[in-house]
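Residues per chain, in single letters:
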Amino acid sequence: MTDTTRREVLGWLAGLGAAAGAGLLLPGQAGASTAVTALRDVTLIDSAGVRPGATIVLADNEVLAVGSCDLPLPRGSTVLNLTGKFVIPGLWDMHVHGAYMDRITLPLCLVNGVTGIREMWGFPPIYELRERIERGEVFGPRLIVGSSIIDGPNSTLPGALIVSTPDEGRAAVREAKTQGADLVKVYSYLDRPTLAAIADECSKQAITFAGHCSNHVPLGDASDLGQRTFEHMYGLPLATSTRETQLRQAIADLPLDPADTFAWFRQVLEFERQATLSHSGSKAAQLAKRLQRNNSALCPTMVAMRVYSSPADRFVNDPRVKYLPAFYLDLWRDGLKRWVPVTPQEIRRQAEFFRRRQDQVAEMHDHGVEILVGTDAGNPYSFSGFSVHDELELLVEAGLSPKAALKAGTRGGTVRPGEAANLVVLDGNPLKDIRNTQRIHTVLTRGRVLGPAERQQMLADVEKAAQEPFPPTARTCC
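Every chain's residues receive numbers from 1 upward, in the order its sequence appears when written. Two thresholds apply to this predicted model, a pLDDT of at least 70 for residue-level local features and 80 or more for giving and counting side-chain atom pairs, whereas whole-chain, interface and lining totals are computed over all residues. Where side-chain values are given, they derive from all heavy atoms of the structure, hydrogens and water being excluded.

S.K.: Is there a simple way to think about the overall build of the protein chain in this case?
M.R.: Numbering of helices and strands runs from the N terminus; a helix is a DSSP stretch of H or I covering at least four residues, while a strand is a stretch of E covering at least two. If you tally the helices and strands in the protein chain, you get 16 helices and 18 strands. We compute the radius of gyration from the C-alpha atoms alone; for a globule the expected value is 2.2 Å times N to the 0.38, where N is the number of residues. A compact globule built from 478 residues should have a C-alpha radius of gyration of about 23 Å, and the protein chain, at 23 Å, falls within 12% of that. Projected onto its principal axes, the C-alpha coordinates of the protein chain cover approximately 75 × 50 × 50 Å. Relative to its full complement of 478 residues, the protein chain shows a buried share of 55%. By element, 50% of the accessible surface of the protein chain is carried by carbon and sulfur atoms, the whole surface being about 19,300 Å². The distance from the centre of the 51 positive side-chain charges to the centre of the 53 negative ones in the protein chain is 3 Å. Think of it in three bands: with a 1.4 Å probe and only protein chains considered, a residue is buried below 20% of the maximum accessible area for its type, exposed above 50%, and partly exposed in between. All accessible-area figures derive from a Shrake-Rupley calculation using a 1.4 Å probe, and residue coverage is judged against the displayed protein chains alone. The charged-residue count follows a simple rule in which Lys and Arg add positive charge and Asp and Glu add negative charge, with His and chain termini not counted at all. Charged groups are reduced to one reference atom each: NZ for lysine, CZ for arginine, CG for aspartic acid, CD for glutamic acid.

S.K.: Sorry, what's going on with helix α9 (residues 261-276) here?
M.R.: Because each turn of an α-helix spans 3.6 residues, side chains separated by three or four positions end up pointing in the same direction. With 16 residues, α9 should cover 22 Å at 1.5 Å per step; its first-to-last C-alpha distance of 24 Å lies within 8% of that length. Where α9 is concerned, the buried positions are T261, F262, W264, F265, V268, L269, F271, E272, R273, A275 and T276. Only heavy atoms matter for contacts: two residues are in contact if any of them lie within 4.5 Å across the pair. Those residues of α9 hidden inside the fold are in contact with α7 (236-239), α8 (244-253) and α13 (344-366). Multiplying one less than the number of residues by 1.5 Å gives the expected span of a helix.

S.K.: Would you mind showing me how to read the UniProt feature "domain: Amidohydrolase-related" (unreviewed entry) in the protein chain here?
M.R.: Per the UniProt record, "domain: Amidohydrolase-related" (unreviewed entry) is annotated on residues 86-449. For residues 86-449, the end-to-end C-alpha separation is 16 Å, with 45% helix and 14% strand making up the annotated structure. UniProt positions are given in the numbering used here, feature names are shortened, and annotations may be inferred rather than shown by experiment.

S.K.: What is the right way to read the nonpolar core from this model?
M.R.: Here, nonpolar core means buried Ala, Val, Leu, Ile, Met, Phe, Trp, Tyr and Cys residues that are tied together by side-chain atoms lying within 4.5 Å of each other. Core analysis: the largest hydrophobic core is formed by 111 residues, its most contacted members being V184, M364 and L395. Counting 15 residues, the second largest nonpolar core, distinct from the first, contains L39, L44, L423 and L444.

S.K.: Could you clarify how one ought to interpret the pattern of salt bridges in this entry?
M.R.: Between side chains of opposite charge, pairing is possible as soon as their charged atoms come close. Should a side-chain nitrogen of Lys or Arg be within 4 Å of a carboxyl oxygen of Asp or Glu, the pair is scored as a salt bridge. In the structure shown here, the tally under the stated rule is 29 salt bridges. Of the charged contacts in the structure, one is a salt bridge between D200 and K204, with a shortest N-O distance of 3.5 Å. Of this pair, D200 and K204 both sit in helix α5 (residues 192-205), four residues apart, which is roughly one turn of the helix. Classification of D200 as partly exposed rests on a relative accessible area of 33%. Judged by relative accessible area, which is 58%, K204 ranks as exposed. Three or more residues are tied together by salt bridges with common partners; here these are R170, R174, D200, E201 and K204.

S.K.: Just to check I follow, could you spell out the sheet that holds strand β8 (residues 142-145) for this structure?
M.R.: Note: strands within a sheet are paired through backbone hydrogen bonds, in either parallel or antiparallel orientation. Pairing is parallel in the open sheet, where three strands are placed in the order β6-β7-β8. Two strands in the sheet have a free side with no partner beyond their single neighbour: β6 (91-96) and β8. Recorded for the sheet is a direction-independent mean angle of 15 degrees between the axes of neighbouring strands. The pairing of β6 with strand β7 (residues 114-119) spans four bridges and is parallel. Looking at β7, one finds that L91 is bridged to V114. Fitted lines through C-alpha atoms give the axes, limited to the stretch in contact for helices. The angle between two N-to-C directions lies from 0 to 180 degrees. Along the sheet, helix α3 (residues 124-134) contacts β7 and β8; its crossing angle with β8, the most-contacted strand, is approximately 155 degrees. Taken strand by strand, helix α14 (residues 386-398) contacts β6 and β7, and its axis lies near 95 degrees from that of β6. Strand pairing follows a simple DSSP-based rule, namely that at least 2 bridges must link the two strands.

S.K.: How do you make sense of the packing of helix α2 (residues 102-111) against helix α16 (residues 452-466) when you look at a structure like this?
M.R.: The relative placement of two packed helices comes down to the angle between their axes together with the axis-to-axis distance. Taken N-terminus to C-terminus, the directions of α2 and α16 make an angle of 155 degrees; their axes are 9 Å apart at the nearest point. Compared by their axis directions, α2 and α16 come out roughly antiparallel. Where α2 crosses over α16, the handedness of that crossing is left-handed. The residues of α16 that touch α2, namely those facing R103, I104, P107, L108, L110 and V111, are R455, M458, L459, V462, A465 and A466. Classification used: nonpolar for Ala, Val, Leu, Ile, Met, Phe, Trp, Tyr, Cys and Pro, charged for Asp, Glu, Lys and Arg, polar for all others including Gly. Here the contact of α2 with α16 is composed, by residue class, of ten nonpolar, no polar and two charged. By the definition adopted for this analysis, an angle is roughly parallel if under 35 degrees, roughly antiparallel if over 145, roughly perpendicular if from 65 to 115, and oblique otherwise. With the far helix as reference, a near helix turned anticlockwise by less than a right angle produces a left-handed crossing, and one turned clockwise produces a right-handed crossing.

S.K.: Help me understand unusual backbone geometry in this model?
M.R.: A negative phi angle is the norm for most residues apart from glycine, just as the trans form is the norm for most peptide bonds. With omega at 5 degrees, the peptide bond leading from G152 into P153 counts as cis. Here P153 is to be found in the loop between β9 (150-151) and β10 (161-162). The phi dihedral of A206 falls on the positive side, at around 55 degrees, and the residue is not glycine. The topology assignment puts A206 in the loop between α5 and β12 (208-211). We classify A206 as exposed; its relative accessible area is 68%.

S.K.: Can you walk me through the side chain of T105 in this structure?
M.R.: Along the chain, the position of T105 falls in helix α2. As used in this structure description, the phrase polar contact means that two N or O atoms lie within 3.5 Å; if the pair is within protein, one of them must be able to donate a hydrogen and the other to accept it, and residues adjacent in sequence are counted only when both atoms belong to side chains. Among the polar contacts listed, one links the side chain of T105 to the backbone oxygen of G98, at a separation of 2.6 Å. Sequence-distant contacts of T105, that is, excluding residues within four places in its chain, are made with V96, G98, A99 and S384.

Quick look at the structure:
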């Protein structure tokens with residue numbers, strides 16, 4: 001982690017002075033109009049290492065300097081003395097739904113230190129919201145937006161964009177690029193020729209694709225096609241099973257009723273559960289090499305998968321439900337009925353299935369595969385902002401170190417001069433206990449300082465907004 005020298009300090013102070021039309025600004029001289037904020041005597045933790053006794057200087061949503069406690073500052077700087085506090089880069093949630101509920105989703109992310117999100121079901125109003133955030137018209141995290149979900153010729157999702165041929169898949173990619181998607185979202189039912197056509201068209205259009213591992217295409221093959229991320233641990237048990245060939249043939253032979261596509265999907269999940277019982281460490285190592293070579297990452301969304309693996313009433317008393325409108329809770333209750341285990345045997349099997357998948361995620365990480373924090377927020381009892389911390393805790397429970405989990409949660413972020421000033425101030429050391437990421441003191445993003453009082457007011461505003469009528473346009477998916 002590099003220090004900021006006195007010469008460099010004078011350089012950025014001069015830059016501030018020039019921006020204000022005041023010439024060179026030296027410590028102690030009259031301040032420029034640009035607001036400068038300094039975080040004094042913090043322990044900085046980022047992917048570059050751990051630095052106690054640091055000063056971090058910010059202005060215009062940019063990190064200007066990182067140095068020691070005696071780093072010189074311009075007169076008029078706002079100095080936050082934070083002895084005993086810890087600073088990490090802003091957190092990311094790489095699998096979110098519900099950004100369109102901007103008065104709820106966006107502030108819940110920010111108060112929880114989540115300064116970047118990847119919305120995985122895009123449509124034009126969300127593309128416009130992304131631009132409004134960047135123009136400063138809406139206060140929110142950085143927003144990366146996927147395309148409409150592309151699936152077919154069948155799907156479990158009402159509203160998915162159905163494609164039945166490779167040509168239709170190519171057309172869907174071009175439409176996504178035209179609309180302004182940052183990535184193409186693929187789903188569970190796509191056959192190999194159509195997925196290959198989507199991958200090829202994405203390459204031509206210079207756009208990445210990500211999403212579910214198709215139940216018709218092995219995870220390693222999809223990675224070879226260029227799929228950037230794989231969500232929810234789908235496909236991982238099959239790809240690492242000694243019975244993969246047999247189980248894939250069972251999937252190929254499985255009849256599908258277009259009137260009840262979820263029954264087919266649920267049976268595939270049962271095959272995946274069976275696959276975890278014949279896990280092969282050598283196959284896992286081979287798969288990891290392919291994922292690394294192709295720069296493919298795993299986004300396991302353990303928070304959501306834990307809910308779907310648990311009895312329906314396990315999370316109903318979560319106090320965070322007060323931040324969501326009633327219609328959302330109704331959707332959650334109704335949606336869980338077809339997913340969750342009911343009998344004691346089902347409950348035991350699903351709990352074991354979840355633990356085995358956690359083990360496989362940790363194994364992939366140990367082999368060097370990139371792991372991303374995603375929550376599937378918008379799905380039952382996966383809460384915008386809050387559940388990022390739940391996911392970090394589950395990654396550590398799975399076997400990652402707090403350091404590795406934090407790297408996943410910040411996308412390997414660093415705090416260096418010239419970078420965006422997205423920072424989270426914590427009251428406890430997350431490297432000693434990952435649950436300390438929940439002990440947030442202050443969030444700094446987009447040039448604003450969200451201290452304890454500001455964050456409490458934002459939460460109160462969200463709770464109030466949740467009581468207001470919402471149009472029945474909610475979309476949830478996994």
